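Each chain, letter by letter, is given below.
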Amino acid sequence: MSDLTTTPRLVEAGTSNTSYIGKPTSRVEGPAKVTGTAKYSAEFNVPGLLYGYVVTSPITKGRITKINSAPVLALEGVVQIFSHENVPSLAWFDRNYKDDVAPGGSPFRPLHDAEIKFNMQPVALVVADSFEVARYAASVLEIEYEQEKFDTNIDLKRDEGHKPGSGKTGFMPPPPPRGNPNDALKNATHRIEGEYIHGAQHHNPMEMFATTVEYHQDGKITAYDKTQGVYNVQQYITKIFGLSKDEARVVNHYMGGGFGSGLRPQYQVFLAVLAALELKQSVRVSLTRQQMFSFGHRPHTLQYLKMGTNPDGTLAALHHHALHETSKFEEYTENVVNWSGMLYQCENVNLGYQVAELDVYTPLDMRAPGAATGSFALEVAMDEMAYAAGLDPLDFRIRNYAEQDQNMKKPFSSKKLRECYHEGAAKFGWDKRTPEPRSMREGNQLIGWGMAGGVWDASMQKAAAKAIFTADGKLEVLSAAGENGTGTYTIMTQIAAETLGLPLEAVTFKLGDTNMPEAPLQGGSWTAASVGSAVKNVCTEVGEKLLKLAQKMKGSPLKGASIDDVHFADGQIRLNTNPSEAVVIRDILPASGEEKLEVESSAMPNMIKQQPYSMHSHNAVFVEVKVDEDLGTVHVTRVVNAVAAGRILNTKTARSQVLGSVVWGISMALMEETVMDHTFGRYMNHNYAEYHVPVNADIHDIDVVFVEEEDDKVNPLGVKGIGEVGMLGVAAAITNAVYHATGKRVRELPIYMDKLL
Amino acid sequence: MIQQPTNTSGGATSLPAPPSAGSVTLTINGVQRHMQLAPWTTLLDALREYADLTGTKKGCDHGQCGSCTVLVNGKRINSCLTLAVMQEGNEITTIEGLGQPENLSPLQQAFIDHDAFQCGYCTPGQICSAQGLINEGRAHTEDEIRELMSGNICRCGAYVGILAAVKEVVDKQSSK
Ligand code: FES
Ligand code: FES
């Protein structure tokens, strides 16, 4: 029964304890993660579980001629072997296999036919009643192949690149040349040119890809899958296996790192669903660390830059051309060179971008795809140019500061790169640098100081959320977003709590389930803007409903007030004009007799507001290296990374994102490279012992500076995203610091010691 | 080319049968568990797949990453590099035994306070390893902690926070 006669409690006005946005709130899911109670995809131990183990191809190109299944099937505990020989007929058309972010071309279909297109292609799935038996059985499955000649070396394809089509979401072909780049270069006062190279790199999140498919009595399935997008996976498996959305639920509450590797559905989800549907039993398929090198990577890329300056140190001309690998079946693209047309002011620019097809798996977006690659080459070239023109590298950049985006011919919605330069340089002590190479040392250690910077897109996608407010004063908010270390649980909880003036403890945010309203893929640094806006909207709508109910309470001080006349803080709805006139939010539903309020809402980018602007985040990185003069070993002893990324929702988790990005930059500069043996077309160092990433002893002082930046155009929250921009410029700044320390200009990553001796 | 040739003599072979399971008793977090395990089951798989203690993580299965670190009689080991049957009679402590969400250990609390993780996947291994390091009593300075925590990879790159968290607890313990 509705009881609107309860008199509202009157409360003291005061400063709000429920403003959480921008605070260093500790991760709300922290206790689950530090106690091992957070469940990742391979950790749902459902009853009657079978285990699948993947067999991958040892050859690079050719055909399977024979699979000798019989002796393996005879082993005790082996349930089935799936291969192209016995896969049921599935969807036929390519479009059924295309996920939301598939590039142009024809997607790889696991176990589709006898053809081998790349090394370590999955060729069979052995299913057994224990993991150990499946692993053993897979190790003794005899398969015969016919081999063909293959191409895996981009170095031999320098002249066979072609301009790609625009098949991939987010890909922007480079803008046409502007000005007169050839003449301008010829007439320049100082000129440099060079080739910049890095090899393939693999994401290698700590958690290996895995899917646990729970097979329900009624034939429906729940797939606990390692993915950055549960909806993307759901549409992929429903289209291939002819299931309805109701029959295939996809869940991911925690992802043990993604970095782009989980943007596309990977083959283990296909295999696990296939086996579960065929066997009508729950199945888990986990990849091995070696198999983590069998799908998707940052492509091996060759870049060529030419630059020239005018007598006053301004850029006269800039040419930047990139060529990278793609597979023979899909055309992977990323924006490598476009950044060079917008980071600095230059009237004469020529940008070129090509891909070449190789017998490898299709590359895959990896943290700051394209920009991490392009900013390395551009920012090392800028350093070379500064030295050639006799200018300080920082001063040279400031002289060429771009006040508008010359690619798009649009102003920036906001740009605080200059402040990044100044605040970063001040914190680092850049003014104490002596410019000549080898001019700073400590005993046997050559000291080098280098800097660089970068630019990344600030984007927003459509997202939806649901909020349920219950009579006990608790709020639950749901959206099928992802959490892979980015802090999604925490920032969404902060936004919801602050919007409704509730204590954090009263709010629970849930994510990663196709039973929840749809959210975009967890990537592109857009989750905070997209899902955050949806959460804010849905909570605002709950607030409007609460206000209406509060106004019906007897003697309500809020009678006649519009939503703009009140604010939500400290568990109360308060009048703006007199905050001591308030209603306690917890009292509203009990008074109204309602048990709960449930609202669903969404948020979309405001195209009209955004259209006139170029929207980007920026950063500037300052690095100190110490290089052992005799051994050539490089240590990154100090880093200052100044980032302008709009409003920072949580200074603690955002700082961690930037710290992690710096570690990635150090890794890219000094360690990471997947090395291919072209005799076999196979990656040689496909494990954590030989694919080097930094450990604790490799990491020293890292300082993160968030430059204040207000932007009311990007989205209502004013956030630009923080997951990728922090990585930009790091590898280049290290390379530049190594030059300053040693006088050796390295243009090929990683910088191993042999390059310095 | 023939992958994994099992039949070198040309005739039909039958493959060696998988070993059969036997009873094994493990003491995990102070509780005796009677389990049916084959001799080839690693301690890591025994924990995750047979005891439903999934807090211990698998990041490589080859002793290369440290995600699977647990304490055996107080010493940190990679649980992927030992067989479960070899650990009968030993005290095995996993992350679940160090603390629970409502009863966090000092290290677990420090990891939260210093945001010493992002995705959280390496975290149980880092915390068990840090507990082992404290038990060893060798590391005191930042450099020593960095060095002796370097068997645990964190791909998210949370090393700055990990160092701060471990240092805080090490300092507190030594001031006692
Ligand atoms: S899983 Fe044991 S060290 Fe990696
Ligand atoms: S927190 Fe993700 S690997 Fe360490």
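The rules behind these values
- Residues numbered from 1 in each chain as written.
- Chains lettered and ligands numbered in written order.
- Predicted model: local features only at pLDDT ≥ 70, side-chain atom pairs only at ≥ 80, totals over all residues.
- Heavy atoms only, no water.
- Helix = DSSP H or I, 4+ residues; strand = E, 2+ residues; numbered from the N terminus.
- Buried < 20%, exposed > 50% of the residue type's maximum accessible area, 1.4 Å probe, protein only.
- Contact = heavy atoms within 4.5 Å.
- Areas by Shrake-Rupley, 256 points an atom, 1.4 Å probe, with all protein chains shown as cover.
- Lys, Arg positive; Asp, Glu negative; His and termini not counted.
- Charge placed at Lys NZ, Arg CZ, Asp CG, Glu CD.
- Rg over C-alpha atoms; globule rule 2.2 N^0.38 Å.
- Buried area = accessible area lost by both parts, 1.4 Å probe.
- Salt bridge = Lys/Arg side-chain N within 4 Å of Asp/Glu carboxyl O.
- Pairing = 2+ DSSP bridges.
- Axes fitted to C-alpha atoms, helices over the stretch in contact; angles between N-to-C directions.
- Domains from an automatic or database assignment.
- Polar contact = N/O pair within 3.5 Å; in protein donor to acceptor, adjacent residues only side chain to side chain.

With that settled, the discussion passes to the overall build of chain B. Along chain B, the regular secondary structure elements total six helices and six strands. Helices and strands appear in chain B in the N-to-C order β-β-β-α-β-β-β-α-α-α-α-α. Buried residues in chain B amount to 53% of all 176 residues. Long-range contacts, defined as pairs at least 24 residues apart, comprise 53% of the intrachain contacts of chain B with a sequence gap of at least 6. Counting only carbon and sulfur atoms, one obtains 51% of the accessible surface of chain B, whose full area is about 7100 Å². The distance from the centre of the 12 positive side-chain charges to the centre of the 17 negative ones in chain B is 2 Å.

A word on the overall build of chain A. Per the secondary structure count, chain A includes 15 helices and 32 strands. Since a compact globule built from 757 residues should have a radius of gyration of about 27 Å, the 28 Å found for chain A is in line with a globular shape. Expressed along its principal axes, the backbone C-alpha trace of chain A runs to roughly 85 × 75 × 50 Å. Across the 757 residues that make up chain A, the buried fraction comes to 66%. Restricting the contact set of chain A to residue pairs at least 6 apart, pairs at least 24 apart contribute 81%. Of the accessible surface of chain A, which amounts to about 26000 Å², a share of 50% is contributed by carbon and sulfur atoms.

Across the contact, 81 residues belong to chain A and 62 residues belong to chain B. Three residues stand out in chain A for area buried against chain B, namely Val34, Met206 and Asn696 of chain A, and they jointly supply 14% of the buried area on that side. Run the count over chain A and chain B and you get six salt bridges. Secondary structure elements with two or more residues in the side of chain A that touches chain B: helix H1 (30-34), strand S1 (50-56), helix H2 (70-73), helix H3 (131-139), strand S7 (142-147), helix H14 (651-670) and strand S32 (701-706) of chain A. Ranked by the residues each element gives to the side of chain A that touches chain B, the list is headed by H14 of chain A, at 10 residues. Where S7 of chain A meets strand S1 (residues 2-3) of chain B, two bridges bridge the pair, whose relative direction is antiparallel. Looking across to S1 of chain B, one finds that Ile143 of chain A is bridged to Gln3 of chain B.

Quick look at the sheet that holds strand S10 (residues 221-225) of chain A now. Residues and elements named next belong to chain A. One open sheet holds the seven strands; their spatial order is S3-S6-S1-S12-S9-S10-S11, and the pairing between them is mixed. If you trace the sheet from one side to the other, it starts and ends with strand S3 (78-83) and strand S11 (248-251), each paired once. Put simply, the sheet's adjacent strands are angled 20° from each other on average, direction ignored. Pairing of strand S9 (residues 210-215) with S10 involves five bridges; the strand directions are antiparallel. Within the sheet, the bridge partner assigned to Glu214 lies in S10 and is Thr222. Against the sheet, helix H6 (residues 267-279) contacts S1, S3, strand S6 (122-128), S9, S10 and strand S12 (283-286), and its axis sits at roughly 20° relative to S9.

All names here are of chain B. Partitioning chain B into domains gives domain 1 (22-97) and domain 2 (106-174). Summarising the inter-unit geometry, the C-alpha centres of domain 1 and domain 2 are found 21 Å apart. The interface is formed by 15 residues belonging to domain 1 together with 17 residues belonging to domain 2. Buried area between domain 1 and domain 2, summed over both chains or domains, comes out near 1200 Å², and the portion from carbon and sulfur atoms is 53%. Counting the surface domain 1 buries against domain 2, the share from its top three residues, Lys57, Arg76 and Ile95, is 47%. Seen at the junction of domain 1 and domain 2, the total is one salt bridge. Between Glu136 and Arg76 there is a salt bridge, and its shortest N-O distance comes to 2.8 Å. Our count for the contact surface shared by domain 1 and domain 2 stands at eight residue pairs in polar contact (both at pLDDT 80 or more). Considering every element that reaches the side of domain 1 that touches domain 2, the biggest residue donor is strand S4 (residues 69-72), with three residues.

Moving on to the sheet that holds strand S24 (residues 566-569) of chain A. Residues and elements named next belong to chain A. With respect to topology, three strands assemble into an open sheet ordered S24-S25-S26, the strand pairing being antiparallel. The open sheet is flanked by S24 and strand S26 (582-584), the only strands paired with a single partner. Ignoring which end each strand starts from, the neighbouring axes of this sheet average 20° apart. Where strand S25 (residues 572-575) meets S26, three bridges bridge the pair, whose relative direction is antiparallel.

For the rest of this paragraph, the subject is the domain arrangement of chain A. All names here are of chain A. Split into domains, chain A comes out as domain 1 (30-38 + 460-604) and domain 2 (398-459 + 606-757). Put simply, the middle of domain 1 and the middle of domain 2, counted by C-alpha atoms, are 36 Å apart. Taken together, the contacts link 16 residues of domain 1 with 17 residues of domain 2. Of the roughly 1300 Å² buried at the junction of domain 1 and domain 2 (both faces included), carbon and sulfur atoms supply 56%. Viewed at the interface, domain 2 and domain 1 are joined by zero salt bridges. Applying the counting criterion to the domain 1 and domain 2 interface returns six residue pairs in polar contact (both at pLDDT 80 or more).

What follows covers the pairing of strand S5 (residues 75-78) of chain B. Within a regular strand, side chains alternate between the sheet's two faces. Residue and element names in this part refer to chain B. With four bridges joining them, S4 and S5 adopt antiparallel strand pairing. Its bridge partner lying in S5, Leu71 is registered against Arg76. Linking S4 back to S5 in an antiparallel pair, the connection comprises two residues, with Asn73 at a positive phi of about 50°.

Residue and element names in this part refer to chain A. Along the chain, the position of Pro369 falls in the loop between strand S16 (349-358) and helix H7 (371-388). Its relative accessible area of 12% is what places Pro369 among the buried residues. The spatial distance from the C-alpha of Pro369 to the C-alpha of Val126 is 35 Å, given a sequence separation of 243 residues.

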